[in-house]
Amino acid sequence: MNGPTSAQQGIIAASASLTFGFIRGIHSSFGVFFVALLETFGWSRGVTAGVFSVSLVVDAILSPIVGKLIDRFGPRTVVAAGGILMAAGFFLCSQVNSLWQLYFYFGFVAALGFSAMGMVPHVVLVSEWFSSRRGLGLGVVYGAVGVGILILVPLIQRMISVWGWPRAFQILAAVVLFFLVPVVWATYRRGPFHLSGSRTAASAPDAEWSVNLALRSLQFWGVFVSRVVGATGTTVIITHQVAHVVDVGYDALFAASIFGFVGLVSALGRVAFGFIADIVTKTTAYALNVACAAIGVAALMLTKDSSQTWLLYLYVIFFGIAFGSRAIILSAISADIFSGRGFGAIFGLSAVSVGIGSALGSWLGGVFHDTTGNYLLSFGLALTLLVLSHVLVWFTGLESVRRFDRRLWPAQRPN
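Residues numbered from 1 in each chain as written. Predicted model: local features only at pLDDT ≥ 70, side-chain atom pairs only at ≥ 80, totals over all residues. Heavy atoms only, no water.

Caption draft 1: How the structure looks around the overall build of the protein. What the protein contains, in helices and strands, is 17 helices and 0 strands. Taking 22 Å as the expected radius of gyration for a compact globule of 415 residues, we find that the protein reaches 21 Å, a close match to that expectation. Along the first, second and third principal axes, the C-alpha set of the protein runs to 65 × 50 × 35 Å. Across the 415 residues of the protein, 53% fall into the buried class. Sequence-distant contacts in the protein: of pairs separated by 6 or more residues, those separated by 24 or more amount to 84%. If you sum the accessible surface of the protein, you get close to 17300 Å²; carbon and sulfur atoms cover 69% of it. Put simply, the protein has 24 plus and 14 minus side-chain charges, and the middle of one group is 9 Å from the middle of the other. (Helix = DSSP H or I, 4+ residues; strand = E, 2+ residues; numbered from the N terminus. Rg over C-alpha atoms; globule rule 2.2 N^0.38 Å. Buried < 20%, exposed > 50% of the residue type's maximum accessible area, 1.4 Å probe, protein only. Contact = heavy atoms within 4.5 Å. Areas by Shrake-Rupley, 256 points an atom, 1.4 Å probe, with all protein chains shown as cover. Lys, Arg positive; Asp, Glu negative; His and termini not counted. Charge placed at Lys NZ, Arg CZ, Asp CG, Glu CD.)

Caption draft 2: Local environment of helix H12 (residues 282–302). Given a rise of 1.5 Å per residue, 21 residues ought to cover 30 Å, and the 30 Å separating the end C-alpha atoms of H12 matches this to within 8%. Within H12, the full set of buried residues consists of Lys282, Ala285, Tyr286, Asn289, Val290, Cys292, Ala293, Gly296, Val297, Ala299, Leu300 and Met301. (Expected span 1.5 Å × (residues − 1).)

Caption draft 3: Fine view of the packing of H12 against helix H14 (residues 325–338). Packing of H12 against H14 brings their axes to within 10 Å, and their N-to-C directions diverge by 165°. Taken together, the axis directions place H12 and H14 in an arrangement best described as roughly antiparallel. Our pair here, H12 against H14, has a crossing hand that is left-handed. The segment H12 lies against H14, with Lys282, Ala285, Tyr286, Asn289, Val290 and Ala293 engaging Ser325, Arg326, Ile329, Leu330, Ala332, Ile333 and Asp336. Residues belonging to the contact of H12 with H14 are distributed by class as follows: 8 nonpolar, 2 polar and 3 charged. (Axes fitted to C-alpha atoms, helices over the stretch in contact; angles between N-to-C directions. Parallel < 35°, antiparallel > 145°, perpendicular 65-115°, else oblique. Left-handed = near helix turned anticlockwise from the far one by under 90°. Nonpolar A, V, L, I, M, F, W, Y, C, P; charged D, E, K, R; others polar.)

Caption draft 4: Looking closely at the pattern of salt bridges. Here the structure, examined in full by the defined rule, presents 5 salt bridges. The closest approach of N and O atoms between aspartate 336 and lysine 282, which form a salt bridge, is 2.8 Å. One end of the pair, aspartate 336, is in helix H14; the other, lysine 282, is in helix H12, with 54 residues separating them in the sequence. The exposure class assigned to lysine 282 is buried, which follows from its relative accessible area of 17%. One salt bridge in this structure joins arginine 402 and glutamate 399, with 3.9 Å as the shortest N-O distance. Of this pair, arginine 402 and glutamate 399 both sit in helix H17 (residues 399–406), 3 residues apart, roughly one helical turn. Given the relative accessible area of 35%, glutamate 399 is considered partly exposed. Among the charged side chains, a salt-bridge network with shared partners connects Arg134, Lys282 and Asp336. (Salt bridge = Lys/Arg side-chain N within 4 Å of Asp/Glu carboxyl O.)

Caption draft 5: Molecular detail of the packing of aromatic side chains. One pass over the structure, following the stated rule, counts 19 aromatic pairs. Ring centres of phenylalanine 41 and tryptophan 43 lie 4.3 Å apart, and the angle between their planes is 5°; on these two criteria the pair is classed as stacked. By relative accessible area, which is 26% here, phenylalanine 41 ends up partly exposed. Ring geometry for phenylalanine 104 versus phenylalanine 108: centroids 5.6 Å apart, planes at 25°, classification stacked. Taken together, the positions of phenylalanine 104 and phenylalanine 108, both in helix H5 (residues 99–116) and 4 residues apart, correspond to about one turn of that helix. A relative accessible area of 38% places phenylalanine 108 in the partly exposed class. It is arginine 76 that lies over the ring of tryptophan 185; its NZ or CZ is 4.1 Å from the centre. Taking NZ or CZ as reference, arginine 270 lies 5.6 Å from the ring centre of phenylalanine 323, over its face. (Phe/Tyr/Trp six-rings, centres within 6.5 Å; stacked < 30°, edge-to-face > 60°. Lys NZ or Arg CZ within 6 Å of the ring centre and 35° of its normal.)

Caption draft 6: Summary view of the confidence of the model for the protein. When the pLDDT values of the protein are averaged, the result is 85; 93% of them are 70 or greater. Predicted confidence is poor over residues 197–206, with pLDDT under 50, and the contacts of this stretch with residues over four places away or in other chains come to 22 contacts. (pLDDT = per-residue confidence, 0-100.)

Caption draft 7: Region of the structure containing empty space enclosed by the protein. For the structure on display, the rule yields 1 cavity of 30 Å³ or more. The computed volume of the largest cavity comes to approximately 50 Å³. Val124, Ser127, Glu128, Phe193, His194, Ser339, Gly340 and Phe343 together form the lining of the largest cavity. Tallying contributions element by element places helix H6 (residues 119–129) first for the lining of the largest cavity, with 3 residues. (1 Å grid on protein atoms, 1.4 Å probe; cavity = no way out; pocket = protein on both sides within 12 Å on 5 of 7 lines; lining within 4 Å. Points joined across faces, edges and corners; volume = space filled by probe spheres on them.)

Caption draft 8: Quick peek at a nonpolar patch on the surface. A cluster of nonpolar side chains, Leu218, Val387, Leu388, Val391, Trp394, Phe395 and Phe404, forms an exposed patch at the surface whose accessible area comes to about 570 Å². Broken down by element, the nonpolar patch gets its largest block of residues, 5 residues, from helix H16 (residues 376–396). (Patch = residues over 30% accessible without salt bridge, like charges linked within 9 Å, V, L, I, M, F, W, Y side chains within 5 Å.)

Caption draft 9: Structural detail: the nonpolar core. Phe90, Phe106 and Tyr315 are the most contacted members of the largest nonpolar core, which totals 114 residues. Leaving out residues up to four positions away in the same chain, phenylalanine 90 has contacts with Ile26, Phe106, Ala110, Phe114, Phe169, Leu172, Ala173 and Val176. (Core = buried A, V, L, I, M, F, W, Y, C linked by side-chain atoms within 4.5 Å.)

Here it is, written out as structure tokens:
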């Protein structure tokens, strides 16, 4: 099998970074549209914010289906179709005049596009083009998310201020349809590692993972549960960090800027940890990542009043550099184990864990705060769950676990 050239890998990394960064940047801009819609229609905050929750649920449910479609039709067709659906959803959002329409157009139609253009197809695409430098490839693409958020959120706010939210939706629809979709169609291709499945768990040279086989393996569930607890711990912090900083006495604008700086630092961290995962073992890279996150969370927990700004800087640096890059390492681990014809469907099923963890984290952080009156227990839970996610990654990488999974293979071989 001929390997890809550096130029081919560069084109894939560039186009995937552009597309994924743009899509995630738009997704993160819902808060800007949220404010504008409230001002226009006067709907309740809880019900209106539920639109975004529905979008996340739809994305989680669709992930296995998107993965299966990628295995059959390839990333180019699926992502391009997702762009058409997203553009349609955005244009319909510009015509909204009732709440049910917003739920259907954004929470369902646009969400179909978000899922088809989201994490699952891009992890599969990068994994098919990068093998020895898979962590770095994923790091570059994931790193574009921070840049996309940094650029698009204020830009969309500016468009809303100048032209109004309906025209902003229409502009985004046009950019996706007439720019991103052609870029995807022109550059996304099946990679040379598409048919080269992992041999680490197989005892036969012709063995290949299937969805049924993966669901019976300890390695799949080790990664899955690690994603659940890691996403839960991370979402506790991300959802409630601003509220905690305001509670201890900081100005709301300064508190909000903390999240912006975390996003910016995370863009650098994703590339850095992608590189680190390639030069050391991925288990070691994950341990280093969790250690950085733990220092950041501890600094946030120790911040008691507005005289301790240095602790917030410590939080921004250490939690920021770890934020988001755990997903890169786990995606690379999944690709190392399960790459092959069925990887899209397998990874799509694994990605459901992120939705489960994110929903739990936001809720649990609020529940523990309401019970105790502060975020100490919530952030302690987050810290515990992040450490547990590393324990599960370590468990997944044990040779005894691999040996156990090898026992599944003889039943899959033809007689």
